[in-house]
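# Remarks on the overall topology
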Amino acid sequence: TVNEAETVKVGKKMQLSASVTLKGTEIANQDMTWTVSGNKSTSTTIDANGLLTVGADEPFETILTIYAESQEMAGLRMYKTITVKPLDFEDIPSVTAGSTTTVTIDGVEWYVLVKDNGKALLWAKEIIGTQQFDTSSNIWRDSSLRTYLNGDWLESTTVLKEKAVETDITTRSQINATDWITTQDKVFLLSEADLFGTFDGTATSDARDYTYGTSQLVTDVNMRKCDTTIDPEYWLRSPRGSQYSVAYCYASTGDISNVGAARSWHGVRPALWVNLAG
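All figures in this text were calculated on a predicted structure; none of them were measured in a lab.

### Things to note about empty space enclosed by the protein
Under the definition given, this model contains 2 cavities of 30 Å³ or more. Considered as a void within the structure, the largest cavity measures approximately 60 Å³ in volume. Lining of the largest cavity is provided by 13 residues; of these, Arg-172, Ser-191, Phe-199, Asp-209 and Ser-238 occupy positions nearest its centre. If one sorts the elements of the lining of the largest cavity by residue count, strand β14 (residues 167-172) sits on top with 3 residues. In terms of residue class, the lining of the largest cavity is built from 3 nonpolar, 5 polar and 5 charged.

### Some words on the packing of aromatic side chains
Given two aromatic rings, one states the distance between the centres and the angle between the planes to describe the pair. Following the criterion strictly, the structure yields 8 aromatic pairs and no others. Their ring planes at 75° and their centres at 5.4 Å tell us that Tyr-248 and Tyr-250 sit as a pair that is edge-to-face. Classification of Tyr-250 by relative accessible area gives partly exposed; the value is 30%. Among the aromatic side chains, those forming a connected cluster through ring pairs are Tyr-111, Trp-123 and Tyr-234.

### Let's talk about the pairing of strand β20 (residues 256-260)
For strand β19 (residues 245-250) and β20, the ladder comprises 5 bridges, and the chain directions are antiparallel. Across the sheet, residue Val-246 finds its bridge partner in β20, namely Val-259.

### Digging into unusual backbone geometry
Here Glu-61, not a glycine, exhibits a phi torsion of approximately 70°, which is positive. Mapped onto the fold, Glu-61 is located in the loop between β7 (51-53) and β8 (63-70). According to the relative accessible area criterion, Glu-61 is partly exposed, its value standing at 44%. Phi is positive for Asp-106, close to 50°, though the residue is something other than glycine. The topology assignment puts Asp-106 in the loop between β10 (102-105) and β11 (108-116).

### Considerations on the sheet that holds strand β9 (residues 77-85)
Spatially, 4 strands are ordered β1-β9-β8-β5 in an open sheet, and the strand pairing comes out mixed. For this open sheet the edge positions go to β1 (7-9) and β5 (32-37), each flanked by a neighbour on one side alone. On average, each strand axis in the sheet is inclined to that of its neighbour by 30°, with strand direction left out of account.

### A few points about the sheet that holds β7
Pairing between the strands of a sheet is mediated by backbone hydrogen bonds and can be parallel or antiparallel. Strand order across the open sheet formed by 3 strands is β2-β7-β6, with antiparallel pairing between neighbours. Two strands bound the open sheet, and with one partner strand each, they are β2 (13-15) and β6 (45-46). Strand direction decides the pairing type here: β6 and β7, joined by 2 bridges, are antiparallel. Residue pairing across strands places Thr-45 opposite Thr-53, the latter belonging to β7.

### Here's the deal with the pattern of salt bridges
Enumeration over the complete set of coordinates arrives at 11 salt bridges. Between Lys-9 and Glu-90 there is a salt bridge; the shortest N-O distance is 2.8 Å. Linking Lys-9 in strand β1 with Glu-90 in the loop between β9 and β10, this pair joins segments that are 81 residues apart in sequence. A salt bridge links Asp-142 to Arg-141, with the shortest nitrogen-to-oxygen separation between them at 2.9 Å. According to the relative accessible area criterion, Arg-141 is partly exposed, its value standing at 40%. A single network of salt bridges, built from pairs that share partners, joins Lys-9, Asp-88, Glu-90 and Asp-91.

### Quick notes on the layout of surface pockets
Each pocket or cavity is described by its volume, and for the largest pocket that value is around 360 Å³. Residues of the lining of the largest pocket, tallied by class, amount to 7 nonpolar, 7 polar and 5 charged.

### Section: the pairing of β19
The buried count for β19 comes to 5 of 6 residues, which makes it a mostly enclosed element. Looking at chain direction, strand β18 (residues 233-239) and β19 are connected through 4 bridges and run antiparallel. The residue of β19 that forms the bridge with Pro-239 is Val-246. Connecting β18 to the next strand, β19, in antiparallel fashion are 5 residues, including Gly-241 with a positive phi near 90°. Counted along the chain from β19 to the antiparallel partner β20, the turn is 5 residues long, and its residue Gly-254 has a positive phi close to 80°.

### Observations concerning the environment of Glu-6
With respect to the helices and strands, the residue Glu-6 is situated in the segment before β1. Residues Glu-6 and Thr-81, spaced 75 residues apart in sequence, show a C-alpha to C-alpha distance of 7.0 Å. Beyond its immediate sequence surroundings of up to four residues, Glu-6 is in contact with Lys-80, Thr-81, Ile-82 and Thr-83.

The rules we used
- Residues numbered from 1 in each chain as written.
- Predicted model: local features only at pLDDT ≥ 70, side-chain atom pairs only at ≥ 80, totals over all residues.
- Heavy atoms only, no water.
- 1 Å grid on protein atoms, 1.4 Å probe; cavity = no way out; pocket = protein on both sides within 12 Å on 5 of 7 lines; lining within 4 Å.
- Points joined across faces, edges and corners; volume = space filled by probe spheres on them.
- Helix = DSSP H or I, 4+ residues; strand = E, 2+ residues; numbered from the N terminus.
- Nonpolar A, V, L, I, M, F, W, Y, C, P; charged D, E, K, R; others polar.
- Phe/Tyr/Trp six-rings, centres within 6.5 Å; stacked < 30°, edge-to-face > 60°.
- Buried < 20%, exposed > 50% of the residue type's maximum accessible area, 1.4 Å probe, protein only.
- Pairing = 2+ DSSP bridges.
- Axes fitted to C-alpha atoms, helices over the stretch in contact; angles between N-to-C directions.
- Salt bridge = Lys/Arg side-chain N within 4 Å of Asp/Glu carboxyl O.
- Contact = heavy atoms within 4.5 Å.

Laid out in structure tokens, this is it:
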């Protein structure tokens with residue numbers, strides 16, 4: 001017999017145990033030789049005591065086959081299968097903020113960018129769909145994309161609509177302006193400063209250009225990159241380039257550019273603060 005675990009989360013450990021009985025009585029020597037197969041990650045291992053370690057890069061839904069062979073009764077081997085599952089909302093406290101580890105909530109993978117005072121700032125790892133920024137305005141406050149994210153999109157979720165925290169978000173009113181507009185949002189886009197430390201290509205240390213603090217939230221270019229299957233670019237919330245244009249990021253390279261807010265539809269990678277308590 002082997003214990004009854006059916007799933008294990010990516011990057012986690014699980015202690016397995018096994019026993020050998022003969023005619024209903026456990027034999028004296030219960031030593032086992034443990035092996036694992038089916039893993040895609042070389043970091044997925046099992047030690048001599050049955051401690052399974054699942055690699056952080058083990059693909060979700062991988063089916064691991066765990067074997068326990070009796071050292072007393074050679075050839076007597078038992079096995080069970082365990083499916084690798086993603087981390088979810090309850091695992092956020094154990095995730096290192098700013099790392100490439102993700103949690104999956106409402107079917108979307110999220111990076112945990114910040115943890116602060118019982119809250120966490122999440123950012124979608126991939127583009128979740130495409131939207132026009134707005135029909136005419138490049139101002140985040142007035143954009144149809146802001147309305148969509150805080151309305152229909154958030155309402156379509158199960159966990160996040162209960163956990164999202166309304167937050168003051170500041171965005172420059174225009175590229176040549178020295179004033180900022182404050183909005184109260186549960187869901188928003190990251191700013192140019194959050195990804196590049198700049199506003200319209202110029203370095204900025206003004207906290208109002210950032211979602212949190214006074215420096216980049218996303219310093220790893222590989223986190224700026226994402227799958228291009230849905231769209232090759234994704235929106236940021238910052239005006240850039242002209243009074244009609246908005247910043248966007250190339251999904252394949254992580255580089256920045258800008259385009260007219262009404263000219264095209266681009267990918268959306270939402271961000272939101274969530275309450276970790278209750």
